[in-house]
Structure formats: C-alpha cells, structure tokens
Amino acid sequence: MSQFNGFDTDLLIDCDPGVDDAIALLLAFGSPELNLRGITTVGGNVPLVHTQTNARKICELAQVFNVPVFAGCGRPILRSLTTAEYVHGATGLGQVNLLEPTIELSPQHGVDFLIETLLASVKPMRIATLGPLTNLAIALVKSPEIIEKIAQVVMMGGATTHGNVTPSAEFNIYCDPHAAQIVMNSGVPVVMMGLDVTHQAIATPGRLAKIRQIGDPIGTLVATLLEDYSHHDIQQYGFEGAPLHDPCVVAYLINPMLFETRKCFVEVEIQSEVTIGRTIVDWYGVSGRAPNVEVVCAVDSEGFYAMLCDRLTALNDRLHR
Ligand code: BDR
Ligand code: CA
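Parameters at a glance
Here the residue numbers are simple positions, counted from 1 along each chain's written sequence. A letter from A marks each chain and a number from 1 marks each ligand, given out in the order of writing. Totals for whole chains, interfaces and linings use all residues, but because this is a predicted model, local features are given only for residues with pLDDT of at least 70 and pairs of side-chain atoms are given and counted only at 80 or more. Side-chain figures throughout are based on the complete set of non-hydrogen atoms in the structure, without hydrogens or water. We call a residue near a molecule or strand as soon as one heavy atom of that residue lies within 4 Å of the molecule or strand. For the purposes of these results, a polar contact is taken to be a pair of N or O atoms within 3.5 Å, where, inside protein, one atom must be able to donate a hydrogen and its partner to accept one; residues adjacent in sequence count only when each atom of the pair is a side-chain atom. Surface accessibility follows the Shrake-Rupley procedure with a 1.4 Å probe radius. Residue values consider only the protein chains on display as shielding. Amino acids outside the nonpolar list (Ala, Val, Leu, Ile, Met, Phe, Trp, Tyr, Cys, Pro) and the charged list (Asp, Glu, Lys, Arg) are all regarded as polar, and Gly is one of them. Metal donors were taken as nitrogen, oxygen and sulfur atoms no farther than 2.8 Å from the ion, or 3.2 Å where the ion is Na, K or Ca. Water is excluded, so coordination may look unfinished. The way it works is that DSSP assigns letters per residue, a run of H or I at least four long becomes a helix, a run of E at least two long becomes a strand, and they are numbered from the N terminus. Side-chain atoms within 4.5 Å are what join buried Ala, Val, Leu, Ile, Met, Phe, Trp, Tyr and Cys residues into a set we call a nonpolar core. Throughout, exposure labels follow a simple rule: accessible area from a 1.4 Å probe, protein chains only, divided by the maximum for the residue type, with under 20% read as buried, over 50% as exposed, and the rest as partly exposed. Throughout, a residue-residue contact means that at least one pair of heavy atoms, one from each residue, lies within 4.5 Å.

1. As for the site of ligand 1
Then, in step 1: Around ligand 1, the structure places 13 residues, and the nearest of them are D20, N45, N164, E170 and D246.
Then, in step 2: N45 is positioned such that a nitrogen or oxygen atom in its side chain is 2.6 Å from an oxygen atom of ligand 1.
Then, in step 3: Between ligand 1 and N172, the relevant distance is 3.0 Å, taken from an oxygen atom to a side-chain nitrogen or oxygen of the residue.
Then, in step 4: Protein contacts shield 96% of the accessible area of ligand 1, which totals 280 Å² for the unbound molecule.
Then, in step 5: Split by residue class, the shell around ligand 1 holds four nonpolar, five polar and four charged.

2. Digging into the coordination of the calcium ion (ligand 2)
Then, in step 1: At this site the calcium ion (ligand 2) is bound by D16 (OD), D21 (OD), D21 (OD), L130 (O) and D246 (OD), with donor distances of 2.2 to 2.6 Å.
Then, in step 2: Along the chain, the residues donating to the calcium ion (ligand 2) are arranged with the sequence spacing D-x4-D-x108-L-x115-D. A residue pair is termed long-range when its members are at least 10 positions apart, and D21 in helix α1 (residues 19–29) and D246 in helix α11 (residues 245–254) qualify at 225 residues.

3. Concerning the nonpolar core
Then, in step 1: Counting 72 residues, the largest nonpolar core has L26, F29, I39, L226 and F259 as its most contacted members.
Then, in step 2: At nine residues, the largest contribution of residues to this core is made by α1.
Then, in step 3: Among all residues touching L226, those that are not within four sequence positions of it are I23, A203, L208, I211, A242 and L244.
Then, in step 4: Listed in part, the 33 residues of the second largest apolar core include L12, M125, A139 and C264.

Okay, structure coming up:
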C-alpha cells in the first residue's frame, strides 16, 4: 500500500488524451488535494498535435487556468508511433468537438519542464503516467539526478495476463517498450496499474447514467465520451461498457485503499516482435529477483465509481458557482 496520502505531495500528470486520459484529468481537477502542478503530453493514442490540444481543451472546459500544459515527445524512443484512433476517434476525443482552447501551450519542452520542476521541488513529487513512458524515460536519461525527487510513479500500463493491442501487450507499454524498461529499471518507486485492474472498472449502463445525471457540462461530456468509447470494448471483450484505465491511476493517488497491490519483479519484453511490450510479472518470485514494482491487482469498482461521481460532481458544481 502506498505511503502517500495525496495531501502533502505535489503531482505531475503525463498523458496522451485520449478519452480516458481526459476523464482522468477531470477527476484530478475535481480533487484539489492532489496539488497538480503541470501536465505534459506525449504522442500515443493520437499524435502529439492532438494530445496537447486535447489536454488544453479539457483544462479550458473545466476552467483550470493555473496548471500549465506542455508538449513532450511526439514519438517513442526507437519504434515508430503506434496510435489508437480506432478506440479514441480521429483526434482523440471520440465524436465530441470541444472549442479550440484559448489556453496556450507552454513553450518549454515537456521533458525539460519535468526535469526543471522536479529539481526545483523541495519535496519529492508524484508522477502519474497515463500514456507511453517516453517523456519520463528521456527525462531520466537526460537528468538522472531527478530520481531522488520522484516520490512515486503511478503508471497506467502493462498487464499480468493478456494485452489489448496485441495478445501479449498493453498499449502504453507496447507503444514505447524501451521507455517503459528505462522507467522500471530506474530505481524510482513504480506502481503499475495494468489491464487486469482497469478491466474491473467498467462503466456499466447504470454507472454511465449516474455520470450523465451530474449534468452540464462535466457529466454530459464524460457520459458522451464514454458512450462512444465503449463501442470498441463491448465488441472486443464483451464488456458491459468501457474500462476506465487512466482514471484508475488518479483514483489510486487519491485513495490507494480502493486497490490491492503486490510487490513483484517486473520486466518488459523488448526483443521479440511477437511479444514486444509484454510486462512479465514474477508473481510468485520464481526468478528470485528483488521486486521493483508495486503491481495493482484489484480495485473496489463500486468505491471507484462513487469517488469518480463525487469528484466530477464537485467539479461541475464549482463551474456553476
Ligand atoms: C491505455 O492505452 C490508451 O489507449 C488508454 O488511454 C490507456 O492509457 C490502455 O491500454
Ligand atoms: Ca492514456
């Protein structure tokens, strides 16, 4: 279980919005105790030009003007960019057309912002990674001294069992497996929120209806995004709705008690084309290698959705004040 309670540590979010990233950002905006200091974006679900714009659109919709948004790396370290428009829509927010943001993109490169912010911070910070790990890996390579300024990385990525982009690999790790390997081997405390958990956090029709009831603009937006986004998972997995991958990370940061974890040795497959991007989780300690990752294995999904509805409601209410 995490030693952090979310009240005394600043947070950075690195993301590739993306429908579920957008909802994760809204959950963070509804949770001021997270002390969110900045958002960096990466090419992933859709190219960087869209992910950075979408992050600003979501800030604008939520009237969050004090959290700067940065563009980081547009492609993985070695591989070419794999995107997921078939899940997130052509520009990353499904069929929803939000207004062009007035919030400007911060001019600094996202990687440099991460490094500068971490080094300037008196206390170690937490980082939520919701997309491929390219930005954080490059930051670690460029300035390894940031390691001691990172209290914890909570990442959406990997799986102990099956993948979603290939039978073996989860999308974020598959996209940039070399970056994932750098982060996991860096010595920073990593919490891995994989598909095994996020597939337990399904937006069932009942939960979706509760989100829609929150009303305009937040409830309506989130429900509309999810309805569209769920088609893929319903068809592919026979789920009742979409899994909320990235919001699980933010929920963990707010209340880790909603989750069960186990410390394991994890490594990333980077050699085989067939299984590249697989996270090999040594669940039973067979390798004898020291655990390097806190692997999340279960979520209290009712508790998670109750929290999500509460926080989105709080955000929506704030916009009507
Ligand atoms: C992850 O990949 C992306 O499509 C989602 O935004 C999430 O971060 C799930 O595999
Ligand atoms: Ca994502």
